[in-house]
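Below, each chain spelled out in residue letters.
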Amino acid sequence: MTQHLFIAPADIQSPRWQQAFPAAFIAVDAESLAQADCVWLLLRDVDDIVRLESLAASGKKIIAMTLVESAEQARLALEAGASGYVHYLAVPVVLEQVAQVVAAGGMWLGAELMRQLVLATARNLPAAPVKPVNGTANGTKVDLSQLTSRELAVAELVAAGKTNKEVARALEITERTVKAHLGSAFEKLKVRDRLHLVLVITANS
């Protein structure tokens with residue numbers, strides 16, 4: 001079982017953390033780091049970004065928490081080694097989703113922040129060359145024709161920032177079916193997570 005460690009000042013802690021992960025450690029520093037698999041660090045200033053970078057160097061999965069979400073802070077956190085970025089008062093079900101995505105090797109960002117970061121990245125990228133069909137999907141052009149029409153529809157809606165529930169409603173299918181189509185699209189396009197998928201779809205738009 002994954003052991004979670006939440007690091008935050010004593011006056012800025014949330015009971016939702018242990019509601020999501022009853023066995024989680026909550027501390028003001030990294031004294032319990034050795035026992036943790038996943039570390040949640042509250043960011044308040046530049047010093048915490050440096051701290052995050054140091055924790056990421058330990059090889060642990062790091063999820064940044066914030067008092068106020070911002071695209072700039074999210075960018076700094078991801079560059080420092082975070083695999084996720086979420087508000088510290090997120091409800092337990094969201095915290096659980098974040099943990100699942102990160103544990104699977106993915107990256108978590110809220111839909112609006114993801115859109116902002118991807119658009120900013122896309123503006124700063126040079127035009128991407130077309131790669132072979134068997135090339136890797138690293139934000140350059142790929143062959144979307146390998147997707148079925150339903151997989152493509154799901155991928156495009158997810159890339160637009162829709163949740164699985166919103167995609168299911170839009171396409172009149174179940175969330176389970178959305179997850180199946182999305183998983184298949186990830187595999188065919190060789191993408192790791194939703195952010196990577198957005199980069200690929202953006203490059204092909």
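Residues numbered from 1 in each chain as written. Predicted model: local features only at pLDDT ≥ 70, side-chain atom pairs only at ≥ 80, totals over all residues. Heavy atoms only, no water.

Engineer: Tell me about the nonpolar core, and name the residues and values.
Structural biologist: Grouped together as the largest cluster of nonpolar side chains are 44 residues, with contacts concentrated most on Val39, Leu52, Val154, Leu189 and Leu197. In contact with Val154, other than residues within four places in its own chain, are Val167, Leu171, Ile173, Val178, His181 and Leu182. Core analysis: the second largest hydrophobic core is formed by 20 residues, Phe6, Leu42, Met65 and Val86 among them. (Core = buried A, V, L, I, M, F, W, Y, C linked by side-chain atoms within 4.5 Å. Buried < 20%, exposed > 50% of the residue type's maximum accessible area, 1.4 Å probe, protein only. Contact = heavy atoms within 4.5 Å.)

Engineer: Which residues make up helix α7 (residues 164-171), and what values do they have?
Structural biologist: Along α7, the residues that are buried comprise Asn164, Val167, Ala168 and Leu171. Projected down its long axis, α7 carries its buried residues within an arc of 100 degrees, all on one side. Seen from the buried face of α7, the exposed residues on the opposite side, beyond 90 degrees, are Arg169 and Ala170. Within two residues after α7, Glu172 carries a phi angle of roughly 55 degrees, on the positive side. (Helix = DSSP H or I, 4+ residues; strand = E, 2+ residues; numbered from the N terminus. Arc of directions from axis to C-beta.)

Engineer: Describe the environment of Arg176, listing the residues and the values that go with them.
Structural biologist: Turning to its location among the elements, Arg176 is positioned in helix α8 (residues 175-189). Measuring from C-alpha to C-alpha, the distance between Arg176 and Asn164 comes to 8.8 Å, with 12 residues separating the pair along the chain.

Engineer: Could you give an account of helix α4 (residues 92-103), naming the residues involved and the relevant values?
Structural biologist: Helix length check: α4, at 12 residues, gives a terminal C-alpha distance of 16 Å against a target of 16 Å (1.5 Å per residue), a fit within 8%. Restricting attention to buried positions, one finds in α4 the residues Leu95, Val98, Ala99 and Val102. One side of α4 holds all its buried residues, which, seen down the axis, span an arc of 95 degrees. Positive backbone phi, approximately 95 degrees, marks Gly105, located one or two places after α4. (Expected span 1.5 Å × (residues − 1).)

Engineer: Requested: an account of the pairing of strand β1 (residues 4-7), with residues and values cited.
Structural biologist: The alternating pattern of β1 places His4 and Phe6 on one face and Leu5 and Ile7 on the opposite face, and all of these are buried. Bridge count between β1 and strand β3 (residues 38-43): 4 bridges; the pairing is parallel. When the sheet's bridge partners are listed, Phe6 is paired in β3 with Trp40. Across 3 bridges, the pairing between β1 and strand β2 (residues 25-27) is parallel. Paired with Ile7 across the two strands is Ala27, which belongs to β2. (Pairing = 2+ DSSP bridges.)

Engineer: Tell me about the layout of surface pockets, and name the residues and values.
Structural biologist: Approximately 820 Å³ is the volume found for the largest pocket. Taken together, 25 residues form the lining of the largest pocket, with Gln97, Val101, Trp108, Asn164 and Arg194 sitting closest to its centre. Those elements that place two or more of their residues in the lining of the largest pocket are α4, α5 (111-124), α7 and α8. The biggest single contributor to the lining of the largest pocket is α8, with 5 residues. Across the lining of the largest pocket, the residue classes break down as 10 nonpolar, 8 polar and 7 charged. (1 Å grid on protein atoms, 1.4 Å probe; cavity = no way out; pocket = protein on both sides within 12 Å on 5 of 7 lines; lining within 4 Å. Points joined across faces, edges and corners; volume = space filled by probe spheres on them. Nonpolar A, V, L, I, M, F, W, Y, C, P; charged D, E, K, R; others polar.)

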